[in-house]
Amino acid sequence: DLNKLEKTGAIQRVHGGATLGNKSNRDVPLPLREGVNALAKDAIARKAVKLIKPNDVIFIDASSTAAALVPYLPQNQNLVVITNAVKTAYHLGLRNIRTYLTGGDMIDNSFSCVGFHAEALLSQMNPDLCFISCLGMSDKGLLTDTSIEETRLRHVVLSRTRQAILMLDSSKIGKEYYFTLSTLEHMDHALCETELPPKLASMVAAKR
(Lines give C-alpha, C1' and ligand atoms only; values in the text may rest on other atoms or scores of the structure.)
Protein backbone atom coordinates (compact mmCIF):
# COMPACT_ATOMS: atom_id res chain seq x y z
CA ASP A 1 0.00 0.00 0.00
CA LEU A 2 2.80 2.41 0.86
CA ASN A 3 4.51 1.70 -2.46
CA LYS A 4 1.31 2.50 -4.37
CA LEU A 5 0.79 5.75 -2.43
CA GLU A 6 4.39 6.78 -3.05
CA LYS A 7 3.91 6.30 -6.80
CA THR A 8 0.98 8.73 -6.74
CA GLY A 9 3.09 11.30 -4.89
CA ALA A 10 0.71 11.34 -1.92
CA ILE A 11 3.45 10.22 0.47
CA GLN A 12 7.20 9.91 0.66
CA ARG A 13 8.70 6.71 2.04
CA VAL A 14 11.11 7.20 4.95
CA HIS A 15 12.86 4.80 7.26
CA GLY A 16 10.23 3.12 9.43
CA GLY A 17 7.20 4.57 7.67
CA ALA A 18 6.08 7.42 5.46
CA THR A 19 5.35 11.14 5.47
CA LEU A 20 2.83 13.17 3.47
CA GLY A 21 4.08 14.44 0.15
CA ASN A 22 3.82 18.00 -1.07
CA LYS A 23 0.62 17.49 -3.04
CA SER A 24 -2.50 19.53 -2.40
CA ASN A 25 -5.40 18.45 -0.22
CA ARG A 26 -7.23 17.57 -3.44
CA ASP A 27 -4.77 14.72 -3.95
CA VAL A 28 -4.19 13.43 -0.41
CA PRO A 29 -7.04 11.17 0.77
CA LEU A 30 -8.68 12.20 4.03
CA PRO A 31 -8.20 8.78 5.71
CA LEU A 32 -4.47 9.09 5.10
CA ARG A 33 -4.33 12.57 6.63
CA GLU A 34 -6.40 11.44 9.62
CA GLY A 35 -3.85 8.76 10.47
CA VAL A 36 -0.85 11.10 10.41
CA ASN A 37 0.16 12.43 13.86
CA ALA A 38 -3.18 11.30 15.30
CA LEU A 39 -2.00 11.54 18.92
CA ALA A 40 -0.77 15.09 18.38
CA LYS A 41 -4.09 16.10 16.83
CA ASP A 42 -5.96 14.61 19.76
CA ALA A 43 -3.81 16.57 22.24
CA ILE A 44 -4.43 19.78 20.27
CA ALA A 45 -8.19 19.14 20.24
CA ARG A 46 -8.23 18.73 24.02
CA LYS A 47 -6.66 22.18 24.33
CA ALA A 48 -8.99 23.71 21.77
CA VAL A 49 -12.24 22.62 23.40
CA LYS A 50 -11.34 24.61 26.54
CA LEU A 51 -11.77 27.83 24.54
CA ILE A 52 -15.43 27.10 23.75
CA LYS A 53 -18.21 28.56 25.89
CA PRO A 54 -21.95 27.73 26.05
CA ASN A 55 -24.00 29.16 23.14
CA ASP A 56 -20.93 29.79 20.99
CA VAL A 57 -21.15 29.69 17.20
CA ILE A 58 -17.99 28.06 15.90
CA PHE A 59 -16.47 27.24 12.53
CA ILE A 60 -14.48 24.02 12.02
CA ASP A 61 -12.56 23.77 8.76
CA ALA A 62 -12.06 20.63 6.69
CA SER A 63 -8.61 19.81 8.04
CA SER A 64 -8.11 16.51 9.85
CA THR A 65 -6.59 18.50 12.74
CA ALA A 66 -9.69 20.60 13.31
CA ALA A 67 -11.92 17.55 12.84
CA ALA A 68 -10.28 15.98 15.90
CA LEU A 69 -12.19 18.55 17.96
CA VAL A 70 -15.60 17.01 17.20
CA PRO A 71 -15.61 14.14 19.75
CA TYR A 72 -14.84 16.60 22.55
CA LEU A 73 -17.57 19.14 21.80
CA PRO A 74 -20.13 19.29 24.65
CA GLN A 75 -23.63 18.23 23.64
CA ASN A 76 -25.54 20.22 26.25
CA GLN A 77 -24.26 23.78 25.69
CA ASN A 78 -26.42 24.92 22.76
CA LEU A 79 -23.49 25.13 20.38
CA VAL A 80 -23.87 25.93 16.69
CA VAL A 81 -21.20 24.61 14.33
CA ILE A 82 -20.48 25.78 10.79
CA THR A 83 -18.26 23.56 8.67
CA ASN A 84 -17.28 22.92 5.08
CA ALA A 85 -16.33 19.32 5.88
CA VAL A 86 -18.91 16.68 4.92
CA LYS A 87 -17.51 14.02 7.26
CA THR A 88 -17.33 16.49 10.15
CA ALA A 89 -20.97 17.47 9.57
CA TYR A 90 -21.98 13.80 9.62
CA HIS A 91 -20.30 13.17 12.98
CA LEU A 92 -21.75 16.36 14.44
CA GLY A 93 -25.19 15.15 13.39
CA LEU A 94 -24.63 11.86 15.17
CA ARG A 95 -23.92 13.88 18.32
CA ASN A 96 -27.07 16.00 17.89
CA ILE A 97 -25.11 19.24 17.58
CA ARG A 98 -26.77 21.91 15.43
CA THR A 99 -24.73 22.16 12.24
CA TYR A 100 -24.59 24.30 9.11
CA LEU A 101 -22.82 22.59 6.19
CA THR A 102 -21.67 25.17 3.65
CA GLY A 103 -22.35 23.14 0.55
CA GLY A 104 -20.44 24.00 -2.61
CA ASP A 105 -17.99 22.15 -4.82
CA MET A 106 -16.80 19.04 -2.95
CA ILE A 107 -13.11 18.26 -3.33
CA ASP A 108 -12.48 14.61 -4.15
CA ASN A 109 -10.76 12.57 -1.42
CA SER A 110 -11.01 15.25 1.27
CA PHE A 111 -14.83 15.61 1.24
CA SER A 112 -14.48 19.36 1.84
CA CYS A 113 -16.77 21.93 0.23
CA VAL A 114 -15.24 25.01 -1.42
CA GLY A 115 -16.03 27.58 -4.06
CA PHE A 116 -18.58 30.34 -4.57
CA HIS A 117 -21.54 28.75 -2.77
CA ALA A 118 -19.49 27.81 0.30
CA GLU A 119 -17.91 31.27 0.49
CA ALA A 120 -21.29 32.97 0.00
CA LEU A 121 -22.79 31.22 3.02
CA LEU A 122 -19.76 31.95 5.19
CA SER A 123 -19.82 35.63 4.21
CA GLN A 124 -23.25 35.88 5.88
CA MET A 125 -22.26 34.21 9.16
CA ASN A 126 -20.44 35.55 12.19
CA PRO A 127 -18.79 32.80 14.22
CA ASP A 128 -17.50 33.51 17.69
CA LEU A 129 -14.56 31.21 17.09
CA CYS A 130 -13.02 29.58 14.05
CA PHE A 131 -10.77 26.54 14.26
CA ILE A 132 -8.49 26.24 11.25
CA SER A 133 -5.29 24.54 10.20
CA CYS A 134 -2.87 24.68 7.28
CA LEU A 135 0.08 22.73 5.92
CA GLY A 136 2.91 24.91 7.12
CA MET A 137 4.07 27.61 9.49
CA SER A 138 7.40 29.19 8.60
CA ASP A 139 10.03 30.26 11.11
CA LYS A 140 8.74 33.82 10.57
CA GLY A 141 5.15 32.89 11.37
CA LEU A 142 3.84 32.78 7.81
CA LEU A 143 0.89 30.35 7.50
CA THR A 144 0.69 28.64 4.12
CA ASP A 145 -1.04 25.83 2.24
CA THR A 146 -1.14 24.13 -1.19
CA SER A 147 -4.91 24.33 -1.73
CA ILE A 148 -6.00 27.66 -3.19
CA GLU A 149 -9.68 26.75 -2.77
CA GLU A 150 -9.44 26.02 0.94
CA THR A 151 -7.16 29.01 1.49
CA ARG A 152 -9.74 31.33 -0.12
CA LEU A 153 -12.50 29.86 2.04
CA ARG A 154 -10.47 30.32 5.21
CA HIS A 155 -9.81 33.94 4.24
CA VAL A 156 -13.57 34.52 4.24
CA VAL A 157 -13.94 32.90 7.67
CA LEU A 158 -11.07 34.91 9.14
CA SER A 159 -12.73 38.13 7.96
CA ARG A 160 -15.95 37.23 9.84
CA THR A 161 -14.85 35.57 13.06
CA ARG A 162 -14.39 37.13 16.48
CA GLN A 163 -11.45 34.89 17.39
CA ALA A 164 -9.18 32.82 15.16
CA ILE A 165 -7.67 29.63 16.58
CA LEU A 166 -4.89 27.92 14.67
CA MET A 167 -4.54 24.16 15.25
CA LEU A 168 -1.19 22.91 13.97
CA ASP A 169 0.94 19.93 14.95
CA SER A 170 4.68 20.37 15.38
CA SER A 171 5.58 18.51 12.16
CA LYS A 172 4.32 21.55 10.20
CA ILE A 173 6.56 24.10 11.93
CA GLY A 174 9.36 25.45 9.77
CA LYS A 175 7.57 24.60 6.50
CA GLU A 176 6.36 27.00 3.84
CA TYR A 177 4.12 26.44 0.81
CA TYR A 178 2.91 28.62 -2.01
CA PHE A 179 -0.50 29.98 -0.95
CA THR A 180 -0.53 32.38 2.00
CA LEU A 181 -3.33 31.93 4.51
CA SER A 182 -2.32 34.50 7.12
CA THR A 183 0.40 35.24 9.65
CA LEU A 184 0.72 34.11 13.22
CA GLU A 185 0.21 37.67 14.48
CA HIS A 186 -3.36 37.53 13.20
CA MET A 187 -4.21 34.43 15.24
CA ASP A 188 -5.77 34.81 18.69
CA HIS A 189 -4.50 31.38 19.72
CA ALA A 190 -2.02 28.94 18.16
CA LEU A 191 -2.41 25.44 19.55
CA CYS A 192 0.22 22.74 19.15
CA GLU A 193 0.82 19.49 21.01
CA THR A 194 4.17 20.91 22.15
CA GLU A 195 5.30 24.38 23.16
CA LEU A 196 5.89 26.68 20.22
CA PRO A 197 9.41 28.04 19.76
CA PRO A 198 9.69 31.26 21.85
CA LYS A 199 9.91 33.54 18.79
CA LEU A 200 6.68 32.14 17.32
CA ALA A 201 4.89 32.06 20.68
CA SER A 202 5.67 35.75 21.20
CA MET A 203 3.93 36.62 17.92
CA VAL A 204 0.64 35.25 19.21
CA ALA A 205 1.11 36.70 22.70
CA ALA A 206 1.73 40.16 21.23
CA LYS A 207 -1.85 40.32 19.98
CA ARG A 208 -3.43 39.66 23.38
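Preceding this section is the structure that the text describes.
Residues numbered from 1 in each chain as written. Predicted model: local features only at pLDDT ≥ 70, side-chain atom pairs only at ≥ 80, totals over all residues. Heavy atoms only, no water.

We now examine helix H8 (residues 198–205). Buried residues of H8: Leu200, Met203 and Val204, and no others. The buried residues of H8 occupy one face: seen down the axis, they fall within an arc of 95°. In H8, the exposed positions that point more than 90 degrees away from the buried face belong to Pro198 and Lys199. Buried positions along H8 lie against strand E9 (136–137) and strand E13 (189–191). (Buried < 20%, exposed > 50% of the residue type's maximum accessible area, 1.4 Å probe, protein only. Helix = DSSP H or I, 4+ residues; strand = E, 2+ residues; numbered from the N terminus. Arc of directions from axis to C-beta. Contact = heavy atoms within 4.5 Å.)

For helix H7 (residues 148–160), spanning 13 residues, the distance from its first C-alpha to its last is 19 Å, which sits close to the expected 18 Å at 1.5 Å a residue. For H7, the full list of buried residues reads Glu150, Thr151, Leu153, Arg154, Val156 and Val157. (Expected span 1.5 Å × (residues − 1).)

Once that is clear, we can look at the sheet that holds E9. Read across the open sheet, the 3 strands follow the order E9-E10-E12; overall the sheet is antiparallel. Among the strands making up the open sheet, the edge pair consists of E9 and strand E12 (179–183). Each of strand E10 (142–145) and E12 touches H7; the most contacted strand, E12, lies at about 25° to it. (Pairing = 2+ DSSP bridges. Axes fitted to C-alpha atoms, helices over the stretch in contact; angles between N-to-C directions.)

Looking now at the packing of aromatic side chains. Scanning all chains against the criterion turns up 1 aromatic pair. Arranged with centres 5.1 Å apart and planes meeting at 65°, the rings of tyrosine 178 and phenylalanine 179 form a pair that is edge-to-face. According to the relative accessible area criterion, tyrosine 178 is exposed, its value standing at 56%. (Phe/Tyr/Trp six-rings, centres within 6.5 Å; stacked < 30°, edge-to-face > 60°.)

This part is about the side chain of aspartate 61. Its place among the elements puts aspartate 61 in the loop between strand E3 (57–60) and helix H4 (64–67). Polar side-chain contacts of aspartate 61 include one of 2.9 Å to the side chain of arginine 154. Apart from the residues lying within four places of it in its own chain, the contact partners of aspartate 61 are Ala66, Thr83, Asn84, Ala85, Phe131, Ile132, Ser133 and Arg154. (Polar contact = N/O pair within 3.5 Å; in protein donor to acceptor, adjacent residues only side chain to side chain.)

As a further point, take the pairing of E10. Pairing analysis gives 2 bridges linking E9 to E10, with the strands arranged antiparallel. The residue of E10 that forms the bridge with methionine 137 is leucine 143. Joining the antiparallel neighbours E9 and E10 is a turn of 4 residues, in which glycine 141 adopts a positive phi near 85°. The sheet contact formed by E10 and E12 spans 4 bridges and is antiparallel. What sits directly across from threonine 144, in E12, is threonine 180.

Examined against the element boundaries, aspartate 56 turns out to sit in the loop between helix H3 (38–48) and E3. Residue classification places aspartate 56 among the buried positions, given a relative accessible area of 4%. On a C-alpha basis, the gap between aspartate 56 and asparagine 78 in space is 7.5 Å, while along the polypeptide they are 22 residues apart. Those residues in contact with aspartate 56, other than ones at most four positions away along the chain, are Leu51, Asn78, Leu79, Val80, Asp128, Leu129 and Arg162.

We now examine the nonpolar core. In terms of nonpolar packing, the biggest core is built from 25 residues, with Phe59, Leu122, Met137, Leu143, Leu166, Leu184 and Met187 touching the most fellow members. Discounting chain neighbours no more than four positions away, the residues touching phenylalanine 59 are Ile82, Thr83, Asn84, Leu122, Pro127, Leu129, Cys130, Phe131, Ile132, Leu153 and Val157. Within the second largest apolar cluster, 19 residues are counted, among which are Leu73, Leu79, Leu129 and Phe131. (Core = buried A, V, L, I, M, F, W, Y, C linked by side-chain atoms within 4.5 Å.)

Before going further, it helps to spend a moment on the pattern of salt bridges. A complete count under the given rule lists 6 salt bridges for this structure. For arginine 162, the salt bridge identified is with aspartate 128, shortest N-O distance 3.6 Å. Here arginine 162 is found in the loop between H7 and strand E11 (163–167), whereas its partner aspartate 128 is found in the loop between helix H6 (116–122) and strand E8 (129–132), with 34 residues between them in sequence. Among the residues examined, arginine 162 registers a relative accessible area of 45% and is labelled partly exposed. Of the charged contacts, one joins arginine 154 and aspartate 145 as a salt bridge, the two residues approaching to 3.3 Å between their closest N and O atoms. As far as the burial class goes, arginine 154 and aspartate 145 line up, both buried. One network of salt bridges, in which partners are shared, links Asp61, Asp145, Glu150 and Arg154. (Salt bridge = Lys/Arg side-chain N within 4 Å of Asp/Glu carboxyl O.)

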